[in-house]
Every structure is written in structure tokens, then in C-alpha cells.
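Chain and residue survey
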Amino acid sequence: MLAERNREKRIGRCLLRSELAFREMELRKRVKRSQPEHHLGLSQDAPAEGRCSSNMMSGTARSNAIQEGRRGGVALLGLSRTCSGSGILHRRPWQQWVSMAAGLLLAGLLALTQAWCVNAIHENLLWFSQLTEVEREISFRTECGLYYSYYKQMLQAPSIQEGLSELIHDNLTESKRTINLLQRMNVYQEVVLSVLYRLLPIQSYLEPVYFYIYTVFSLQAVYVIALYLTAWLLSGSWLAGTLTGVWYILNRVDTTRVEFTISLRENWSLPFLALQVSAITCFLRPQLTALQQKVMVWLMYVTTFCFCLTWQFNQFILLVQALVIYTLDCADFLTTTQVTTLYLVEVSSLLSVWLFQFCNSMILGSLVLSFIVAALFVRHCQSGLKTGSLLVRLAKVLLHSAMVLVLTLTINYLAKKALQLRSDEHIFKFIKSKFALGPTRDFDASLYLCEEAFGLLPLDTLERLAGTLLLYPYILTLLLLSGMLAVAALQNLSRSKGGSPEERKGAGEGRVGTFRADVAYNLLHTLFYGLLAFSTMRMKYIWTGHMCAVAAYGVCGTELWTLILNVLRCNTKVLLRLVRYAVPLVMIGCLYYKFWPKLMEELSELREFYDPDTVELMTWISTKTPKQAVFAGSMQLLAGIKLCTGRALTNHPHYEDKDLRERTRQVYQVYARQSPEEVYDILRAVGADYVVLENSICYERRHRRGCRLRDLLDLANGHIMDGPGENEPDLVPAAHPRFCETIKTDTAAYTALFTRTFQNKTFHVYRVKKKRKKSAKSSAEPSVTQ
């Protein structure tokens, strides 16, 4: 009986092999009659002899039998002897290895070039190697100085354990409060770097500050490699990756600002986001084996986790990405498994970060988590979503989207109520005010609205991108792919049977009917983040890097050239190959000829750091004030004081806490029209011993009227603004003069509460007296520095 069963199993396996061989033979016959396409893996294109059931339209319409039969032959990096949708049938293994080695070598060279460029520019802008320690630390402006101070604090701690304990129980960043910095802020990167610097044998020849900045610049190299791989995966040609890297380097002004904002959180996180996009692009390719899919899922998880752990705005970036996935799902470009996997990768990454950040409630109350839960729940409940005629399916999609939206808002509202979460409400106030959906007098929202980085994308950005030959191929690629995507979406929605890609497998084998999932994802990715960049200039750094990869795919891919040559009625294999290789090579040559001399000139331009007033202030604080002293002032300056002197602060630039935002608004009353008694009570309430007033804020001219800090405070207090111009009718004149101006007159009302202890051309420092007595004077007070 057992022998008979074994014989039946052997016969079944033989029949399966025969069927697979027959289908393979039929598929190859179709390949020989089709047009050239590009390789699904990372290999340089060979002469195209045919296509495997279309390149742009390969997607997920493959039979499971063929995919299973090729699991041993399809390599992740494209070293495959089988047809993979690129028009490459049989390439000798050594040719593929040589091509891949050449592509990876170019990727490494471009990555090193980017890292070297930003390091050279940073050195030349500041003459960083010749600066004193205090000057180097002052060069970490605004919030960059705050983040770097925790790296310095970890290194100065007696041990790693004590350093971590100081961060978890910090009482210097916010006076009169003990906060967990690992929970409140995204500073794990500083912790990791400080631990590595302690453990690695590099202390004798590499200063801590250089270890820090070299790490950040190395991440720029990772960023270039990630974009390179994305373009290579999409087009099948490493020429696309090369063009991507060249564009990224030449458009450095619009692709990164790392050379003068080293510690900024986005400089740590965006390279991991680019790696995640590369992993998603590879995950969405057809014909991956089960092992390769698992590897890609883990890569997506790790890169998403690192991205979320290093930037506090991660939830909003992932929300846009979740909307991309949702759109692809509604248009039937992804399988149920793919959609669920991508959603769960985001959820698991956010929950992992939630654990690492000591159960940070801001993550649980994020919109992206509420949206994913709502999308998965509604999708599960609507089992017949992907059936019916075109009009029926469109109606179902609209109803589905409305249900997801309502459920998302409901879940998010209930989560925030349950968690008593108000940490991110300033962001929603900013969004409401930006699109005229709410009041504009809110102080927190106005701080963002009046900053250029949070305004609309300037048109000169597009002019610069056009000057490097990036904008025009990008727009052409975008238009053509968008049209093809729309047609494919209508085709998907018009199918009356078997709505999901899984149900169409087998029946759709060899048929041109599904837009490639990886191309569809990258297209919507660049569209959605492009809209985000146009609405908020700071977010352009997410868009412009990926823009280089999409434009390079358009130039080096087969699909767009095939379409153009078909329209011109001159589509031949030889001409297609010639155009695909000649155009990018000519473009790279033109870019080298035009911009290489300019780049060398920029790298040779020498400048020098010069800020003697701030250096004098930091030196005075370090030498003339008690180590336990608490300082009040502007967020930007206090971050530098924390780094350079180690003194305690009343407020700081990391704005993601409601109580801190309220405290900042109160401390900023020193620049408003308030009485000395009111300002004194505020400063004593937050524990301030000294207050630093800046002439650049008190007499600000950088912003227009209505956006100066003193104007924002006047509006929030209901007072008429300074200077000529209109005021809203409900505003009233203030009862007191502006504090930061009047205190310098040394009248009795002010000297009774404040004592000037330091001044130069830029800063005035006053000690807040302990008791409100007019005759109170301190004999131990440091003399005024002129």
C-alpha cells in the first residue's frame, strides 16, 4: 500500500514537471515574438530579444506554477538564466557578474563623492578644523545644538549606564521638571554613537565631534546608494542609477542641507526612508522566491524602524506612504498579501519605536496607526469590494474610502481622548491655519507659518532643477506614466470577475493587463510627496531625491522610449538600444561639462566662522555663573547654551509637548508689551535665574510685519502691532511698553527686579532677583561686561 502511494506521488511530480516545462516552452515562444523590455533585477541590459508577457504590464499576473518552478533560477540581484520581463533571455553568468560589479562599483564611487563633497563644503564654510571647541559647538545652530549636547553629555558621563540614567532622568533640559529624553525626543542615534565611540579604539586619533559628523556624512553616501538601487531596480540598467547619483550631487542645494544642519533629525532618517523605498520596490517585483520575499520584508521592517526611531515627524511621512498603498489597493495594483504586509510593516515598526521610546503615547495616537487599523478593518468587512462593473466598483471605492475616513477619525479621536494626548495638536493647528481652515492668531501655528521652511515651495527651486536637466525628463516621465497608470486602473476596475490580482493569476498569464506594481508604487510615491513638498518647503528633501530616481528611470527605461518610438513609427530593436544608452550618456557628459568646473569652484571657496558676540556670551556663562543656574531666552539660543555651558534651560526647540509650548509662550513675554512684575512672576515660576535678551529679536527686521516674534506675541495677547500698517479692529493698545526695550533704560521698576550682568552688541543678560525688594542688591553679583 505504501509503495503504491509513493509510486502515485512520483507520477504526480513527473506530471507537474512536464506541465511546468510545457508552460515554460510556451512562454519562451511568446517571448521571442514580443518587444524588448528591461530586466527585473539589478543587471545591465543586454540586447533585447523579446519580452516576457510585457514589462510595464507584468505586475502580478503570473501563474503560481511558473513562479514555483523558477524559484531556484531567479536571483534577487538579477543573475537569472530565465526570462524576467526585461527582454533578456539567456546571458552568460560571467557577463551578469561583470555588469553587476561595474554597477555596484559606480554606486560606491558616487556615494563616496557625495560624502566627500558635503564634508569639504562643511569644512570650507566654517574652517571647522581650525575652530576652538566653543566655536565648533556654536556652529551647531538651533535644535542641532540641543541634539548634539546629548551626545556630548553621554561621552562626559562616568559610564554608559550613568549616561543613560542621566538621559532617562533629565532635569537640565526643562527646569523644575524631570523628563525622560529617550521617551520625549528622538536621540537614540546620539546614544548609539556615544557608545560606539567609547568602545571603538579611535579616541586617540579621531575627536568625538568628527566621529559624529563623519557618521552623518556617511549616511549621505547610504542615501545615494539607496536612490541608485531604486533607479536600477526600476529600469534594469545601472546607467539609471548613475544618472540618479549625478543628479542628486549636482542638485545638492535642493536635495540636502546636511552640510550646515548636521544634527537635524531628517539627515539621520531620510537615508533609511530611501532604503525602505528600495526594499519596497524590490518586494513588489514579481517572481521573487519565498526566501527573497522574507528577506525583503525584514529589510522593510528594519529600515522603517530606523526611520521612525530617528525623526519625530515619522508618523506624518508614513501616513502619506499608507495613502499610497491604499490608493494602489483600491485601483487593484497590489495583492491582498502585499497590501497587508506593507501595512503590518509600518504598524510593527511604529509599535517597536513605541516600546523603545518608553511607551510614547504620541505614537499610539498617531493618524497613521488609526488609518491602517481602519483600512484593514473596512477591507476585511467589505468582501465584495472588488467585484462588479466599472461604475459599481467606483461607487464601492468611494463608499469604502468614506468609511475608512470616518473610522480613522473616530479611532484617532477616541485614542487621543483615552491617552489624554495633546502633544501634536500644534501640527494640526498649523495645517488648519495654512489652508485657512481655522484661526490664524494661534501663537504656535503662527511660529510655523511665518518660517520660510514651512511655506510653499519657491519657484526658483524648479528653475534650479531645470538647469541641471532634471525637471524636464521628470515631468515627461510623470505625465506618460500617469496616463498609463490611469488606463491600467480603469482596466482593473472594469473587470467584472475575479477582482483581486490573486484571482486573476493563471487566467491572466501572458496577458498585457496589469501595470507593474513597483513602478506604480514609485509613481504615486513621487506624486504624493511632490504635493507635500509644494505645500511645505521643508518636505522637499523627501521629494527631490526620489525625483532623481524617477527621472532617471524615465530616461533609461524601455517603456517610455518604446511608447515614444511607436508614436514616431520608428520603433526598432537597434534604435531602442541606441536611444536608451546614448541619451543618458550624452546627458551625463553634458552635466559633467557644465557643472564639474562649478562644483570644483564651490569646493575651493573658503570662508570662516565668525560670531564673536556669541562666543563671548558662552565664555561668560561658563566662567561667571553657577553651574546650577537656570537660563531663559529664545529656544534657538538656549539650545546653544545647553551645549556649550551645560546650564539648565527653561525651554528648548523640541516643540512636541503641550506644556513646553505653553511655557515657551510665557517665557517669550520678555519680547511682548508686559509689565516688569508680570515678566518677573513668569520667570520665577519657571525657575529662571538669568534671562538673555537678543537685539536681533527685540528689534527684528528679518520677517515682514505680522511675522516678527514681537508681532506674534502682540496678536496672541490681543495688542496692536508695532509700525505702520493695518490692525484688526478687535486689537487694543497695550497698557505697558515693550519689556525688552524698556528694561535697558534701568528705571526703578526694572532694577528692583532685574540686574544687568552682561551685555555686548547682540546680547543683554539680566539676573532675576530672588525677592521683589527695590533695595535688594547682591554683593556677589558679577560686574557688567561691556
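Fair warning: this is a prediction, and the values are worked out from it, not measured in the lab. (Residues numbered from 1 in each chain as written. Predicted model: local features only at pLDDT ≥ 70, side-chain atom pairs only at ≥ 80, totals over all residues. Heavy atoms only, no water.)

What follows is about the pattern of salt bridges. Within this structure, the stated rule accounts for 29 salt bridges. Salt-bridge contacts for R136 lead to E207; the nearest nitrogen and oxygen are separated by 2.8 Å. Of this pair, R136 sits in helix α4 (residues 133-138) while E207 is found in the loop between α8 (188-199) and α9 (208-235), placing the two residues 71 residues apart along the sequence. The partner of D714 in a salt bridge is R673, and the shortest N-O contact between them spans 3.1 Å. Placement of D714 in helix α33 (residues 709-717) and of R673 in the loop between α30 (658-667) and α31 (676-685) is noted, with a sequence separation of 41 residues between them. Among the residues examined, D714 registers a relative accessible area of 0% and is labelled buried. (Salt bridge = Lys/Arg side-chain N within 4 Å of Asp/Glu carboxyl O. Helix = DSSP H or I, 4+ residues; strand = E, 2+ residues; numbered from the N terminus. Buried < 20%, exposed > 50% of the residue type's maximum accessible area, 1.4 Å probe, protein only.)

It is at 8 Å that the axes of helix α3 (residues 93-126) and helix α27 (residues 573-604) come closest, and there the two elements cross at 40 degrees. What the angle tells us is that α3 and α27 run oblique. When α3 is examined against α27, the residues W116, C117, A120, I121 and N124 are found in contact with a partner set consisting of L599, M600, E602, L603 and S604. Tallied by class, the residues present in the contact of α3 with α27 amount to seven nonpolar, two polar and one charged. (Axes fitted to C-alpha atoms, helices over the stretch in contact; angles between N-to-C directions. Parallel < 35°, antiparallel > 145°, perpendicular 65-115°, else oblique. Contact = heavy atoms within 4.5 Å. Nonpolar A, V, L, I, M, F, W, Y, C, P; charged D, E, K, R; others polar.)

Core analysis: the biggest nonpolar cluster contains 180 residues, and Y212 and W247 have the highest contact counts within it. Here this core gets 18 residues from one element, more than from any other, and that element is α9. Those residues in contact with W247 that lie beyond four places of it in its chain are T468, L469, L470, P473, C548, A551, A552, V555, M587 and L591. F430, F454, A688 and L712 belong to the second-largest nonpolar core, a separate cluster that totals 35 residues. (Core = buried A, V, L, I, M, F, W, Y, C linked by side-chain atoms within 4.5 Å.)

There is a patch of nonpolar side chains on the surface, built from V192, L196 and L200 and spanning about 220 Å² of accessible area. Here L200 is to be found in the loop between α8 and α9. (Patch = residues over 30% accessible without salt bridge, like charges linked within 9 Å, V, L, I, M, F, W, Y side chains within 5 Å. Areas by Shrake-Rupley, 256 points an atom, 1.4 Å probe, with all protein chains shown as cover.)

Here the focus is the environment of P208. Counting through the fold element by element, P208 comes out in helix α9. For P208, a relative accessible area of 29% translates into the label partly exposed. Expressed as a C-alpha distance, the spacing of P208 and Y151, which sit 57 residues apart in the sequence, is 9.0 Å. Aside from chain neighbours lying at most four places away, what touches P208 is Y148, Y151, L155 and Y197.

The next subject is α3. Along its 34 residues, α3 runs 50 Å from first to last C-alpha, staying within 8% of the 50 Å computed at 1.5 Å per residue. Two residues or fewer past α3, W127 is found with a positive phi of approximately 55 degrees. (Expected span 1.5 Å × (residues − 1).)

Within this structure, the stated rule accounts for two disulfides. The disulfide partner of C450 is C707, and the gap between their sulfur atoms is 2.1 Å. Note on the C450 and C707 pair: the S-S dihedral is about -75 degrees, so by sign convention the disulfide is left-handed. Within this pair, whereas C450 is found in the loop between α20 (443-449) and α21 (459-467), its partner C707 is found in the loop between α32 (695-698) and α33, the two being separated by 257 residues in sequence. One exposure class covers both C450 and C707, and it is buried. (Disulfide = S-S within 2.5 Å.)

Where α3 meets α9, the closest approach of the two axes is 8 Å, and the angle between their N-to-C directions is 145 degrees. When the axes of α3 and α9 are compared, the crossing they make is right-handed. For the contact of α3 with α9, the residue count by class is 17 nonpolar, five polar and one charged. (Left-handed = near helix turned anticlockwise from the far one by under 90°.)

In this model, the protein carries a mean pLDDT of 85, and residues with pLDDT of at least 70 account for 84%. Counted against residues more than four places away or in other chains, residues 31-41, with its pLDDT under 50, gives 64 contacts. pLDDT under 50 marks residues 774-786. Its contacts with residues more than four places away, or in other chains, come to 20 contacts. (pLDDT = per-residue confidence, 0-100.)

Let us look at the environment of V253. Mapped onto the elements of the fold, V253 is located in helix α11 (residues 252-255). In the structure, V253 is positioned 212 residues away from L465 in sequence and 9.8 Å away in space, judged by C-alpha atoms. The residues touching V253, leaving out its near neighbours within four places in the chain, are R464, K540 and Y541.

Here F358, not a glycine, exhibits a phi torsion of approximately 55 degrees, which is positive. Within the secondary structure, F358 sits in the loop between α15 (336-356) and α16 (361-364).

Let us now look at the packing of aromatic side chains. Enumeration according to the criterion identifies 31 aromatic pairs in this entry. Plain terms: the ring middles of F443 and Y668 are 6.3 Å apart, the flat faces sit at 85 degrees to each other, and that makes the pair edge-to-face. Of this pair, F443 sits in helix α20 while Y668 sits in the loop between α30 and α31; the two residues are 225 residues apart in sequence, bridging distant segments of the chain. In this structure F443 comes out as buried when scored by relative accessible area, which is 3%. Classification of Y668 by relative accessible area gives buried; the value is 3%. On the numbers, 5.6 Å between centres and 20 degrees between planes, the contact of Y592 with W596 is stacked. (Phe/Tyr/Trp six-rings, centres within 6.5 Å; stacked < 30°, edge-to-face > 60°.)

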